[in-house]
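So you can see what is in the structure, the chains are spelled out below.
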Amino acid sequence: MSPDTLAKSAPSAYSTAEFDDYVMTTYARFPLTLTRGSGCRVWDDQGREYLDFVAGIATCTLGHAHPAITAAVTEQAQTLIHVSNLYYNTPQGNLAKWLVEHSCADRAFFCNSGAEANEAAIKLARKYAHTVRNITNPIIITANASFHGRTLATITATGQPKYQQNFDPLVPGFHYVPYNDTEALKTAIAHLDQQQPQVAAIMLEGLQGEGGVRPGDLSYFQAVRQLCDEKQILLIMDEVQVGMGRSGKLWGYENLGIEPDIFTSAKGLGGGVPIGAMLCKSHCNVFNPGDHASTFGGNPFACAVAFSVCQTIEQENLLANVQARGEQLRSGLTQLAQKFPHLISDVRGWGLIDGLELSADSTFTAADIVKIAIQEGVLLVPAGPKVLRFVPPLIVSAEEIDLALVAVDRALTALN
Ligand SMILES: *Cc1c(COP(=O)(O)O)cnc(C)c1O
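Computed from a predicted model, the values in this text were never measured in an experiment.

### Comments concerning the sheet that holds strand 2 (residues 41-44)
Think of a sheet as strands paired side by side through backbone hydrogen bonds, with each pair either parallel or antiparallel.
Link 1 in the chain: Pairing within the open sheet is mixed, and its four strands lie in the order 1-2-3-15. Looking along the sheet, the strands with just one partner apiece sit at the ends: strand 1 (34-38) and strand 15 (378-379).

### A short note on the sheet that holds strand 5 (residues 139-143)
Link 1 in the chain: Here seven strands make up an open sheet; going across it, the order is 4-12-11-10-7-5-6 and the pairing mixed. At either margin of the open sheet sits one strand with a lone partner, and together these are strand 4 (107-111) and strand 6 (174-177). Looking at each pair of strands side by side, their axes are set apart by 20° on average, direction ignored.
Link 2 in the chain: As judged from the five bridges shared by strand 4 and strand 12 (residues 276-280), these two strands associate in the antiparallel manner. Across the sheet, phenylalanine 109 pairs through a bridge with methionine 278, a residue of strand 12.

### Some details on the nonpolar core
Link 1 in the chain: The biggest cluster of nonpolar side chains holds 101 residues, and the ones touching the most others in it are Ile202 and Leu412.
Link 2 in the chain: Sorting elements by how many residues they give to this core places helix 10 (residues 300-315) first, with nine residues.
Link 3 in the chain: Leave out the neighbours within four places in its chain, and isoleucine 202 touches Ile141, Leu185, Ile189, Val224, Cys228, Ile233, Leu234, Leu235 and Ile236.

### Some details on unusual backbone geometry
Link 1 in the chain: Across the junction of aspartate 168 and proline 169, the peptide omega takes the value 5°, indicating a cis bond.
Link 2 in the chain: In this fold, proline 169 is placed in the loop between helix 7 (152-157) and strand 6.
Link 3 in the chain: The phi dihedral of alanine 58 falls on the positive side, at around 60°, and the residue is not glycine.
Link 4 in the chain: With respect to the secondary-structure elements, alanine 58 resides in helix 3 (residues 55-58).

### Topic: the packing of helix 4 (residues 67-77) against helix 10
Link 1 in the chain: For the pair helix 4 and helix 10, interaxial distance at closest approach is 9 Å and the crossing angle is 155°. Here helix 4 is positioned roughly antiparallel relative to helix 10, judged by the angle of their axes. Taken as a pair, helix 4 and helix 10 cross one another with a handedness that is right-handed. Taken together, the residues of helix 10 that come into contact with helix 4 (itself represented by Ala68, Ile69, Ala72, Val73, Gln76 and Ala77) are Pro300, Phe301, Ala304, Val305, Ser308, Val309 and Thr312.
Link 2 in the chain: Split into classes, the residues belonging to the contact of helix 4 with helix 10 amount to ten nonpolar, three polar and no charged.

### Notes on the environment of alanine 320
Link 1 in the chain: By the secondary structure assignment, alanine 320 is in helix 11 (residues 318-339).
Link 2 in the chain: For the pair alanine 320 and glycine 245, spaced 75 residues apart in sequence, the C-alpha to C-alpha distance is 9.7 Å.

### A look at the side chain of glutamine 76
Link 1 in the chain: Within the secondary structure layout, glutamine 76 lies in helix 4.
Link 2 in the chain: Other than its neighbours up to four places away in sequence, glutamine 76 contacts Ile81, Pro91, Pro300, Phe301 and Ala304.

So, how was this worked out
Numbers given to residues run from 1 along each chain, matching the order in which its sequence is written. With pLDDT at 70 or above as the cut-off, local features in this predicted model cover only qualifying residues; side-chain atom pairs require 80 or more to be listed or tallied, and sums for whole chains, interfaces and linings still use all residues. As a rule here, side-chain values cover all heavy atoms of the structure and leave hydrogens and water aside. When DSSP finds at least two bridges between two strands, those strands are taken to pair. Put simply, DSSP marks the helices as runs of H or I at least four residues long and the strands as runs of E at least two long, and each gets a number from the N terminus on. To get an axis, fit a line to the C-alpha atoms, keeping to the stretch in contact for a helix; angles then go from 0 to 180 degrees between the N-to-C directions. What we call a nonpolar core is a set of buried Ala, Val, Leu, Ile, Met, Phe, Trp, Tyr and Cys residues that are connected through their side-chain atoms within 4.5 Å. Exposed residues in this analysis have more than 50% of their type's maximum accessible area, buried residues have under 20%, and partly exposed residues fall in between, with area computed by a 1.4 Å probe over protein chains only. Any pair of residues with heavy atoms lying within 4.5 Å of one another is described as a contacting pair. Should an angle fall under 35 degrees it is taken as roughly parallel, and over 145 as roughly antiparallel, whereas 65 to 115 is taken as roughly perpendicular and any remaining angle as oblique. When the near helix sits turned anticlockwise from the far one by under a right angle, the crossing is termed left-handed; a clockwise turn instead gives a right-handed crossing. Ten residues, namely Ala, Val, Leu, Ile, Met, Phe, Trp, Tyr, Cys and Pro, are considered nonpolar, four, namely Asp, Glu, Lys and Arg, are considered charged, and the remaining ones, Gly among them, are considered polar.

Any link to function would need more than the numbers given here.
Right, dumping it as structure tokens:
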């Protein structure tokens, strides 16, 4: 995809060229300037309406301008936005209580993003290895094709060389294995622990999001849990993309019949307001005052908004909607796969994180479909070159799912 060509062909009241004169070009942006949103719709500066099946990359849990979020934002902004963690604040306590009561975890730490939540998890696992297991050089095993963030430790944890290139030296203490491969994991642990125990933690996504919407296998995760229990290895689940109801259960790990020792959340947690969290069970809660911190982390503003997201998921029974709309979406995509068998090789996902994989011999990429879908008035995002990802707000309606399917059908027809 060439964003420059797109920028020239699309009209825009806002000069995207001028934007690029001032903002670093770290992103290959689609040439849209979005100005407003409501529910699952957004509008650009030309007044054009789009159905939003990106939701700020699996982030706008309740869509745009949801009254619960607007109310929480307004009320908390009028009350108290930030005080630091030198003091207690009520929204942080409310949010932690809700998350602990609705998960396998016993304690929460708050920060501002997914990468930061994973950094906290990595630090906690390392401290546990040093202080509880006497490991001097702890190793964290992660999966190929994973995604854990863009800080130095989290690009190292990410098992995709394209995110690491030119940023070395990377952080020591990581080792990669193929995803969903129990034998490879057993072999890696046996090899790494040969002289003395070194493996501190295994960090995995329950469903690999950026890596191509690849769900974990039940049998694999059962085996991972068993291996961790046998060897006192901590299981860290990265729930940043799949958590907060997106999978049809509140947490991705619930689809796999296991509980992690540590898990992280961000993206959907704040419904669009930046917040991250790292949660753990009591047995590995080894942080003491001074061990870890974040100035903004857990501020009353972000926590009040995230708490309103949590309450709305419950009050509006959104998990049931995610399950029903997810089934509708996957069945529609399966019909498209039957209509275009030579173009589509797989349909997969959980709840409202679903992927359509293009066959190896299709001559176009997922980004090509995205470009046509934009013209059809639907926003979609690829997950790698050959996978089209569907991550709409959890409030999406049956009619909106059908509209998105029509747009994808039209795009495939045009490209066929
Ligand atoms: C997006 C993502 C992250 C990084 O989150 P940021 O908020 O961008 O730092 C980490 N892990 C997973 C699984 C993600 O999808």
